[in-house]
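A structural walkthrough
Chain residues, written in single-letter form:
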Amino acid sequence: MSKHGKPVTTTVGHNDQPPVDQMLTDIRSVIERARQQASTAVNAAQTYMYWHIGQRIHTELLGSERAPYGAQIVATASRQLVLEYGRGFAEKNLRRMVQFAEAYPDEQIVVTLLRQLSWSHFLALLPLNKPYQRDFYAEMCRIESWSVRTLRERIDSMLYERTALSKQPDALIQQELTTLRSKGEIAPTLVLKDPYLLDFLGLTDRFLERDLEDAILRELETFLLELGSGFSFVARQKRIQLDGDDFYIDLLFYNRKLKRLVVVELKQGNFKPEYKGQMELYLRWLAKFETEPGENPPLGLILCAGKNSEQIELLELDASGIHVAEYLTVLPPPEVLHLKLHEAIEIARARIEAKECDAGQEKMA
């Protein structure tokens with residue numbers, strides 16, 4: 001009752017749901033969540049079963065003295081299993097299970113990956129046979145929760161071959177992947193690439209640096225995907241004032257996984273040594289005036305139409321937190337890109353090995 005003796009009535013606002021509707025919304029959420037959890041559990045159990053079957057066949061038949069007639073035994077076992085459990089245990093599928101167990105002999109690693117990866121994920125990974133390539137995709141897929149479609153797109157774009165990680169010595173690659181697996185920490189070498197594929201910008205052979213910058217901002221969402229996970233846009237042409245002079249950073253991003261600012265400088269032609277001093281100035285200014293407590297030092301990414309590897313090596317840009325990469329606005333045929341990437345990996349590793357060898361000889365002298 002109101003103070004005037006009249007009953008007080010309440011009305012449901014236009015945007016307020018009646019109690020029954022709200023209850024149904026909550027119930028639907030519970031049902032959908034339970035179904036998703038059940039589906040995930042079933043997929044994990046199924047994939048774990050496939051690993052055990054493949055491991056058993058590989059260990060007891062194909063990997064022992066029975067190997068000469070192991071293939072015949074697999075075919076016989078498949079026919080019986082198909083009669084009892086269906087076509088999912090056809091001979092071709094049993095061989096995939098064996099391949100699965102061969103690719104992942106460590107059961108604990110399989111158990112860890114099962115939390116995020118489905119059997120379809122593993123089927124996409126099994127054809128990969130280069131050292132550490134499969135491990136890279138599996139761990140990034142687990143950390144970033146890639147769908148099967150995204151995983152296949154990353155593989156088709158040769159993401160691993162384009163990372164800075166792939167150009168490191170095997171020992172460092174293994175160390176980075178072990179850290180990723182145990183701590184979930186993503187290092188810059190897992191994020192930075194070379195080259196960057198910018199064919200989606202629709203640029204022809206003739207364009208200015210400003211055209212490139214404008215095109216990136218028009219296709220910012222796609223550019224962020226090409227940069228990698230965790231990037232967000234901060235500013236364009238950010239002004240820096242020093243001693244009365246104005247300087248402008250082309251593009252400024254932040255990566256929440258690396259916990260650092262990332263400067264992107266766009267260059268139309270080949271890399272030039274003076275770009276190092278310009279980038280170092282930007283990075284030191286950002287470190288002094290823009291970096292928050294708990295963040296890592298800023299990184300610099302110089303995107304050029306071409307690279308001069310010997311100059312970049314002599315300048316030791318990595319020590320300054322600077323990464324130089326090419327960008328491609330028109331993609332070559334896949335086989336040409338594949339060959340180019342593998343040549344770049346071999347050259348980079350050869351340079352690193354030669355540098356380590358020279359350092360070892362100097363210590364012995």
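Just above, that's the structure.
Residues numbered from 1 in each chain as written. Predicted model: local features only at pLDDT ≥ 70, side-chain atom pairs only at ≥ 80, totals over all residues. Heavy atoms only, no water.

**Some points on the sheet that holds strand 5 (residues 299–304)**
Strand order across the open sheet formed by 6 strands is 1-6-5-4-3-2, with mixed pairing between neighbours. With one partner strand each, in any of the chains shown, strand 1 (196–197) and strand 2 (231–242) form the two edges of the open sheet. Bridge count for strand 4 (residues 260–266) against strand 5 is 5 bridges, and the pairing is parallel. What sits directly across from Glu 265, in strand 5, is Ile 302. Where helix 12 (residues 220–227) meets the sheet, its contacts fall on strand 1, strand 2, strand 3 (245–255) and strand 5, and the angle it forms with strand 2 comes to roughly 95°. (Pairing = 2+ DSSP bridges. Helix = DSSP H or I, 4+ residues; strand = E, 2+ residues; numbered from the N terminus. Contact = heavy atoms within 4.5 Å. Axes fitted to C-alpha atoms, helices over the stretch in contact; angles between N-to-C directions.)

**Let's talk about the pattern of salt bridges**
What the rule picks out here adds up to 14 salt bridges. Between Arg 236 and Asp 214 there is a salt bridge whose closest N-O contact spans 2.2 Å. Remark: Asp 214 occurs in helix 11 (residues 209–218) and Arg 236 occurs in strand 2; sequence separation between them is 22 residues. Taking relative accessible area as the criterion, Arg 236 reaches 30% and is therefore assigned partly exposed. Exposure remark for Asp 214: the relative accessible area of 25% places this residue in the partly exposed category. In this structure, the salt-bridge partner of Glu 326 is Lys 340, at a minimum N-O distance of 3.7 Å. Highlighted residues: Glu 326 in strand 6 (residues 322–328) and Lys 340 in helix 15 (residues 334–364), separated in sequence by 14 residues. Accessibility expressed as a relative area gives 18% for Glu 326, which makes it buried. The class of Lys 340 is partly exposed, set by a relative accessible area of 35%. Connected via shared salt-bridge partners are Arg 210, Glu 213, Asp 214 and Arg 236. (Salt bridge = Lys/Arg side-chain N within 4 Å of Asp/Glu carboxyl O. Buried < 20%, exposed > 50% of the residue type's maximum accessible area, 1.4 Å probe, protein only.)

**Quick look at the layout of surface pockets**
Considering only enclosed or pocket space, the largest pocket measures out at about 1,200 Å³ in volume. As for the largest pocket, its lining consists of 36 residues, and the residues nearest its centre are Lys 167, Lys 307, Ile 312, Asp 318 and Ala 348. The set of elements that each furnish at least two residues to the lining of the largest pocket consists of helix 10 (188–191), helix 14 (309–315), strand 6 and helix 15. When residues in the lining of the largest pocket are grouped by element, the largest group, 10 residues, is from helix 15. Here the lining of the largest pocket is built from residues that sort into 16 nonpolar, 6 polar and 14 charged. Taken as a whole, the second largest pocket holds about 610 Å³ of empty space. In this structure, the second largest pocket is lined by 25 residues; those nearest its centre are Arg 154, Ser 157, Lys 193, Leu 225 and Glu 226. Where the lining of the second largest pocket is concerned, the elements lending two or more residues are helix 6 (133–144), helix 7 (148–156), helix 8 (159–162), helix 10 and helix 12. The greatest single-element share of the lining of the second largest pocket, amounting to 4 residues, is contributed by helix 12. Partitioned by chemical class, the residues of the lining of the second largest pocket number 12 nonpolar, 5 polar and 8 charged. (1 Å grid on protein atoms, 1.4 Å probe; cavity = no way out; pocket = protein on both sides within 12 Å on 5 of 7 lines; lining within 4 Å. Points joined across faces, edges and corners; volume = space filled by probe spheres on them. Nonpolar A, V, L, I, M, F, W, Y, C, P; charged D, E, K, R; others polar.)

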